[in-house]
Amino acid sequence: MKIIMLGAPGAGKGTQAKRIADKWKIPHISTGDIFRANIKNGTELGMEAKKYMDQGALVPDELTVKILLDRVAAKDCENGYVLDGFPRTIPQAEVLDKALSEMGDSIDYAINVDVPDDSIINRMSGRRACVSCGATYHIEFAPTKTEGICDRCGKELILRDDDKPETVKKRLMVYHEQTQPLIDYYAGKNILKSVDGTKDMKEVFKDIQAILEA
Ligand code: ADP
Ligand code: ADP
Ligand code: ZN
């Protein structure tokens, strides 16, 4: 099963993608996580991506598409995957569709996690991330057992630089301009499913499960 998660920054794409990946035993692929791992390891790709990420802008399509296509060509993606944070522009979606259709394949579902802008700023300032293992928490809605420490791997959590309110506002603008048009794009392909992302995380997952099991 091949799934795309759509939604504003902070809508809960990553949270739900991880649950889908666990349940359906497919890899969770986050381009944001790939970029952050590269930044942490000081690679050339990481240094290039950081310039854009720190400003709340998108990393250029050429760079992003190449990384994603390499990743989905890996052996563990044979039975499908859940993409989180890709595609983020129409050209990215078109490249992915073309690559898949050349293999006689296509995306099965695009799940839009719908959350209005005013809820987003609040969510982002409470988000805490583990750069070591990719786990995500929230100080209020998904707290760790020990404050500031990852439940899964024991490393220290960070508040992402780009989760500060000024940058979040910029990212929301970028989302509306460049990513939101993907909702119509996938609706046109009859694979769009929307869920109410303002519900409790468990409820959102139940709604997604109902879609994927229908
Ligand atoms: P969030 O989950 O909060 O939406 P991500 O971790 O997906 O954030 O992305 C963080 C940043 O990484 C984005 O603001 C952007 O700069 C960059 N990025 C991630 N995925 C893409 C993509 N598909 N295209 C361009 N830039 C991307
Ligand atoms: P995205 O990947 O779309 O940027 P995340 O999954 O990282 O979003 O979620 C953003 C923040 O909001 C995280 O701190 C997460 O724990 C929290 N969160 C996710 N889903 C919900 C929800 N349904 N209700 C409240 N908080 C949530
Ligand atoms: Zn961790």
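Residues numbered from 1 in each chain as written. Chains lettered and ligands numbered in written order. Predicted model: local features only at pLDDT ≥ 70, side-chain atom pairs only at ≥ 80, totals over all residues. Heavy atoms only, no water.

## Notes on the overall build of the protein
To keep things clear, this is the line we draw: Numbering of helices and strands starts at the N terminus; helices are DSSP runs of H or I of at least 4 residues and strands are runs of E of at least 2. We compute the radius of gyration from the C-alpha atoms alone; for a globule the expected value is 2.2 Å times N to the 0.38, where N is the number of residues. Buried means the residue's accessible area, taken with a 1.4 Å probe over protein chains only, is under 20% of the maximum for its type, while exposed means over 50%, and partly exposed covers the values in between. Where accessible areas are quoted, they stem from the Shrake-Rupley method and a 1.4 Å probe; at the residue level, only the protein chains shown are allowed to cover. Counting rule for charge: Lys and Arg are taken as positive, Asp and Glu as negative, and neither His nor the chain ends is counted. Taken as the charge centre is NZ of Lys, CZ of Arg, CG of Asp or CD of Glu, depending on the residue.
When you go through the protein residue by residue, the secondary structure sums to nine helices and seven strands. Computed over its C-alpha atoms, the radius of gyration of the protein comes to 16 Å, within 12% of the 17 Å expected for a compact globule of 214 residues. The dimensions of the protein, computed from C-alpha atoms along their principal axes, are 45 × 40 × 35 Å. Burial analysis of the protein (214 residues in total) assigns 46% to the buried set. Just so you have it, the protein exposes about 11,100 Å², and 51% of that area is on carbon and sulfur atoms. Within the protein, the 34 negative side-chain charges are centred at a point lying 4 Å from the centre of the 31 positive side-chain charges.

## Examining the packing of aromatic side chains
Short version of the rule: Two rings from Phe, Tyr or Trp (for Trp, the six-membered ring) form a pair when their centres are within 6.5 Å of each other. A pair whose planes differ by under 30 degrees is stacked, one over 60 is edge-to-face, and the rest are tilted. Any Lys NZ or Arg CZ that is within 6 Å of a ring centre and within 35 degrees of that ring's normal is treated as a charge sitting over the ring.
Per the stated rule, a full pass over the model turns up one aromatic pair. With centroids separated by 4.9 Å and ring planes inclined at 85 degrees, the aromatic side chains of Tyr185 and Tyr186 adopt a geometry described as edge-to-face. The same class applies to Tyr185 as to Tyr186, namely buried. Between Lys23 and the ring centre of Trp24, over which it is positioned, the NZ or CZ distance is 5.8 Å.

## As for the site of ligand 2
Quick note on the threshold: If even one non-hydrogen atom of a residue comes within 4 Å of a molecule or strand, that residue is called near it. Any pair of nitrogen or oxygen atoms within 3.5 Å is treated as a polar contact; in protein, a donor-acceptor pairing is required on top of that, and neighbouring residues in sequence qualify only through side-chain atoms on both sides. Any residue that is not Ala, Val, Leu, Ile, Met, Phe, Trp, Tyr, Cys, Pro, Asp, Glu, Lys or Arg is counted as polar, Gly included; the first ten are nonpolar and the last four charged.
Of all residues adjacent to ligand 2, which total 18 residues, the nearest are Gly10, Thr15, Arg127, Tyr137 and Lys199. Gly12 is positioned such that a nitrogen or oxygen atom in its backbone is 3.0 Å from an oxygen atom of ligand 2. A distance of 2.8 Å separates an oxygen atom of ligand 2 from a polar atom in the backbone of Gly14. Computed on the free molecule, ligand 2 has an accessible area of 560 Å², of which 93% lies beneath the protein chains in the complex. For the shell around ligand 2, the secondary structure elements donating two or more residues are α1 (13–24) and β6 (136–138). Looking at side-chain class alone, the shell around ligand 2 contains six nonpolar, seven polar and five charged residues.

## Some words on the pattern of salt bridges
The cut-off we apply is this: Think of a salt bridge as a Lys or Arg side-chain nitrogen and an Asp or Glu carboxyl oxygen that are within 4 Å of each other.
For the structure on display, the rule yields 17 salt bridges. We note a salt bridge from Lys66 to Asp70, for which the minimum N-O separation is 3.2 Å. Taken together, the positions of Lys66 and Asp70, both in helix α4 (residues 61–72) and four residues apart, correspond to about one turn of that helix. According to the relative accessible area criterion, Asp70 is partly exposed, its value standing at 47%. Here Lys164 makes a salt bridge to Asp161, at a shortest N to O gap of 3.3 Å. Overall, the relative accessible area of 48% leaves Asp161 in the partly exposed class.

## Regarding unusual backbone geometry
Of note, the bond from Phe86 into Pro87 is cis; its omega dihedral lies within 30 degrees of zero at -5 degrees. The residue Pro87 is located in the loop between β3 (81–84) and α5 (90–101) in this model. The phi torsion at Lys25 lies on the positive side, around 55 degrees, for a residue other than glycine. Along the polypeptide, Lys25 turns up in the loop between α1 and β2 (28–30). Judged by its relative accessible area of 71%, Lys25 falls in the exposed class. You will see that Asn190, though not glycine, has its phi angle at about 60 degrees, which is positive. Among the secondary structure elements, Asn190 is positioned in the loop between α8 (181–187) and β7 (192–196). What makes Asn190 exposed here is its relative accessible area of 69%.

Any functional reading would require information that these geometric values do not contain.
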